[in-house]
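Single-letter residue listing:
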Amino acid sequence: IQHLQYREGLDNHNCMEWKVSTIVDCELNILPQGELKLENAVVYLKRPIRCWGTLRMERSHLIYCMGQPQDMIVLDRARGCQMRDCRVDGRGEAGGLWATGTRIELTDSVFCNMKKGRAVFNALSPQIHGCTFNYCMDGGVFCTGGTICDCTFVNCRSKRGAGISMNGQNGLIRSCRFVRCMADQRNGAIEKGLGQRV
């Protein structure tokens, strides 16, 4: 197991690859030219991962532990984010992906026990296929356009659009299942713009 603990944080501008269990106990910044690859890894986050570069995850597990409630991964106009067969667990204390201006691809992954933020927030035209969103207490997905197919939303809560809230003029939601998704104001399963196809 590796333990990342740098007082001034860690700035990565190269390709960094993790295939072992890791504790992230400092600010980890993936700079625009940098890349982080996780494969078959279990990562315990005491601080969020901030990414302006590229994040690729496969068969990995992110677990939030201790620290201030916040999003686990912050993508700020990053070059891309891909997750396949992963599990992201907020442990009832954190949100999942904050994806401002970033295109993301999520496949066959699980987002569970999210609080203090949606599982996926502010994504631009995401491609989300075969994912499960379970116990997302501030909502599942908030995005602009994109495609969400063959996903399951269970016990999601929010003020509006507890499962999916989709803005923009182009988007597709198909073959998704919603179980006990409740909103305080309206649209428990889906809140969508006028141009979205459901």
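Residues numbered from 1 in each chain as written. Predicted model: local features only at pLDDT ≥ 70, side-chain atom pairs only at ≥ 80, totals over all residues. Heavy atoms only, no water.

Some words on the pattern of salt bridges
1) Next: Enumeration over the complete set of coordinates arrives at seven salt bridges.
2) Next: The shortest N-O distance in the salt bridge between Glu27 and Arg50 comes to 3.5 Å. Note that Glu27 is positioned in the loop between β4 (22-24) and β5 (28-30) and Arg50 in strand β8 (residues 49-51), a separation of 23 residues in sequence.
3) Next: Since its relative accessible area comes to 27%, Arg50 is described here as partly exposed.
4) Next: For Arg59, the salt bridge goes to Glu58, with nearest N and O atoms at 2.8 Å.
5) Next: On the basis of relative accessible area, Glu58 is assigned to the partly exposed category, the value being 32%. (Salt bridge = Lys/Arg side-chain N within 4 Å of Asp/Glu carboxyl O. Helix = DSSP H or I, 4+ residues; strand = E, 2+ residues; numbered from the N terminus. Buried < 20%, exposed > 50% of the residue type's maximum accessible area, 1.4 Å probe, protein only.)

Topic: the environment of Arg56
1) Next: The residue Arg56 is located in strand β9 (residues 54-58) in this model.
2) Next: Separated by 39 residues in sequence, Arg56 and Glu17 have C-alpha atoms that sit 9.4 Å apart.
3) Next: Ignoring anything within four residues of it in the chain, the contact list for Arg56 reads Glu35, Leu36, Lys37, Leu38 and Gln82.
4) Next: Here Gln82 takes part through its side chain, which lies 2.9 Å from a polar atom of the side chain of Arg56. (Contact = heavy atoms within 4.5 Å. Polar contact = N/O pair within 3.5 Å; in protein donor to acceptor, adjacent residues only side chain to side chain.)

Quick look at the environment of Arg79
1) Next: Along the chain, Arg79 falls in the loop between β11 (71-76) and β12 (80-84).
2) Next: Along the primary structure Arg79 and Leu55 are separated by 24 residues, whereas in three dimensions their C-alpha atoms are 8.3 Å apart.
3) Next: With residues near it in sequence (within four places) discarded, Arg79 still touches Pro32, Gln33, Gly34, Trp52, Gly53 and Thr54.

Details of the packing of aromatic side chains
Aromatic rings in a pair are described by how distant their centres are and how their planes are angled relative to each other.
1) Next: By the definition in use, this model includes five aromatic pairs.
2) Next: With a centroid separation of 4.7 Å and an interplanar angle of 55 degrees, the aromatic rings of Trp98 and Phe121 are classed as tilted. Linking Trp98 in strand β13 (residues 87-100) with Phe121 in strand β16 (residues 120-124), this pair joins segments that are 23 residues apart in sequence.
3) Next: Note on Phe121: relative accessible area 24%, which makes it partly exposed.
4) Next: Between the aromatic rings of Phe111 and Phe133, the centroid separation amounts to 5.3 Å while the plane-to-plane angle is 10 degrees, which identifies the pairing as stacked. Within this pair, whereas Phe111 is found in strand β15 (residues 110-114), its partner Phe133 is found in strand β18 (residues 132-136), the two being separated by 22 residues in sequence. Residue Phe111 shares its accessibility class with Phe133, and that shared class is buried.
5) Next: Each residue in the set Phe111, Phe133, Phe153 and Phe178 is aromatic and connected to the rest through ring pairs, giving one cluster. (Phe/Tyr/Trp six-rings, centres within 6.5 Å; stacked < 30°, edge-to-face > 60°.)

Treat this as a map of the structure, not an account of what it does.
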